[in-house]
Amino acid sequence: MRPVSVKICGLSTEPTLDAALESGADLVGFVHFPKSPRHVSLERAGALSRQAGGRVQRVVLLVDPDDALVTAAVEAISPDLIQLHGHESVERVAAIRRLSGRPVMKAIGVAAASDLAAVPAYAAVADRILLDAKPPKDAVLPGGNGLVFDWALIAQATLPTDWMLSGGLTANNVRDALLLTGTPALDVSSGVESAPGTKDPAAIAAFIKAARG
Ligand SMILES: O=C(O)c1ccccc1NCC(=O)[C@H](O)[C@H](O)COP(=O)(O)O
């Protein structure tokens, strides 16, 4: 069986990016969303991307981007994957994939079984699907809220091969998440931070060790 793939999202500094690489992350994510404590400019994300280049898959996270932002992000970061974490429609996901010429991963917020009904339509146009906890109605951030959803819901869903689990994962619950969902890939952000937006190298190492333990 292939070892579980791990994405560390919301990296913003060279030392924490290095910590993710040295700990064995498969993907690293750069958040470009000004309201986020993890926001990085395209220029900064580009510098981090160059540091990581060739060693790991680089992901840029965008929220309802317009065409100009997609083009600028691709130019600055040359990402291996574009993560769409807003309210992008199926048609918009397909259009962004066409425009960018890059693989895309669509995040779908899950709070109830009915939320999973959207998966097949998105899976038909996206390269990967990310199942994340649905943010609370008044949340400022559409993701990265450290919330867990009911993993038992996944058992009822038809999922594509290339899907990823996120939402409130930590070194303490990641084994249960793997056992209950059988996910081939994990995405973590706030569970490896010492404060919002501040990644903790020790927590990154502990998470990846627990995931692969
Ligand atoms: O992290 C952010 O600040 C963020 C902002 C806007 C959209 C998405 C965002 N994060 C997404 C992720 O980091 C993950 O894909 C996922 O939501 C897991 O986050 P967490 O529950 O904090 O591990």
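Residues numbered from 1 in each chain as written. Predicted model: local features only at pLDDT ≥ 70, side-chain atom pairs only at ≥ 80, totals over all residues. Heavy atoms only, no water.

A.B. asks: Looking at this structure, I do not really get the site of the ligand. What am I missing?
C.D. replies: Around the ligand, the surrounding shell holds 24 residues, and the nearest of these are Ser36, Arg38, Asp132, Asp187 and Ser190. A distance of 2.9 Å separates an oxygen atom of the ligand from a polar backbone atom of Gly144. Between the ligand and Asp187 there is a distance of 2.5 Å, counted from an oxygen atom to a side-chain nitrogen or oxygen. The protein chains hide 100% of the 520 Å² of surface that the ligand would expose on its own. Structurally, the ligand is housed in the largest cavity. At the level of elements, strand 6 (128-133) and strand 8 (185-188) are the ones that each hand at least two residues to the shell around the ligand. In terms of residue class, the shell around the ligand is made up of 9 nonpolar, 12 polar and 3 charged. (Near = heavy atom within 4 Å. Polar contact = N/O pair within 3.5 Å; in protein donor to acceptor, adjacent residues only side chain to side chain. Areas by Shrake-Rupley, 256 points an atom, 1.4 Å probe, with all protein chains shown as cover. 1 Å grid on protein atoms, 1.4 Å probe; cavity = no way out; pocket = protein on both sides within 12 Å on 5 of 7 lines; lining within 4 Å. Sits in = over half its atoms within 2 Å of the grid points. Helix = DSSP H or I, 4+ residues; strand = E, 2+ residues; numbered from the N terminus. Nonpolar A, V, L, I, M, F, W, Y, C, P; charged D, E, K, R; others polar.)

A.B. asks: Just checking my understanding: could you explain helix 3 (residues 67-77) for this structure?
C.D. replies: In an α-helix, one turn spans 3.6 residues, which is why side chains three or four residues apart end up on the same side. Along helix 3, the residues that are buried comprise Val70, Ala73, Val74 and Ile77. Summarising the axial view, the buried residues of helix 3 lie within an arc of 95°, below the 170-degree limit, and thus occupy one face. Within helix 3, the exposed residues directed more than 90 degrees away from the buried face are Ala68 and Glu75. Contacts from the buried residues of helix 3 go to strand 2 (27-31), helix 2 (42-52), strand 3 (57-62), strand 4 (81-84) and helix 4 (90-100). Directly beyond the C-terminal end of helix 3, a positive phi value near 45° is found at Ser78. (Buried < 20%, exposed > 50% of the residue type's maximum accessible area, 1.4 Å probe, protein only. Arc of directions from axis to C-beta. Contact = heavy atoms within 4.5 Å.)

A.B. asks: Quick question: what am I supposed to make of the side chain of Glu88 here?
C.D. replies: As for its placement among the helices and strands, Glu88 is situated in the loop between strand 4 and helix 4. Taking the relative accessible area as the measure of exposure, Glu88 reaches 2% and is therefore buried. Here Lys106 takes part through its side chain, which lies 2.8 Å from a polar atom of the side chain of Glu88. For Glu88, the contacting residues outside a window of four places in its chain are Leu62, Val63, Asp64, Pro65, Val93, Lys106 and Tyr122.

A.B. asks: Explanation requested: the pairing of strand 8 in the structure shown.
C.D. replies: As a general feature of sheets, a regular strand has side chains that alternate between the two faces. Both faces of strand 8 are covered, namely the face carrying Ala185 and Asp187 and the face carrying Leu186 and Val188. Both strand 1 (residues 5-8) and strand 8 contribute to a ladder of 4 bridges, which runs parallel. Looking at the pairing, Val6 lines up with Leu186 of strand 8. Both strand 7 (residues 163-166) and strand 8 contribute to a ladder of 2 bridges, which runs parallel. In the sheet register, Leu165 faces strand 8, and the bridge partner there is Leu186. (Pairing = 2+ DSSP bridges.)

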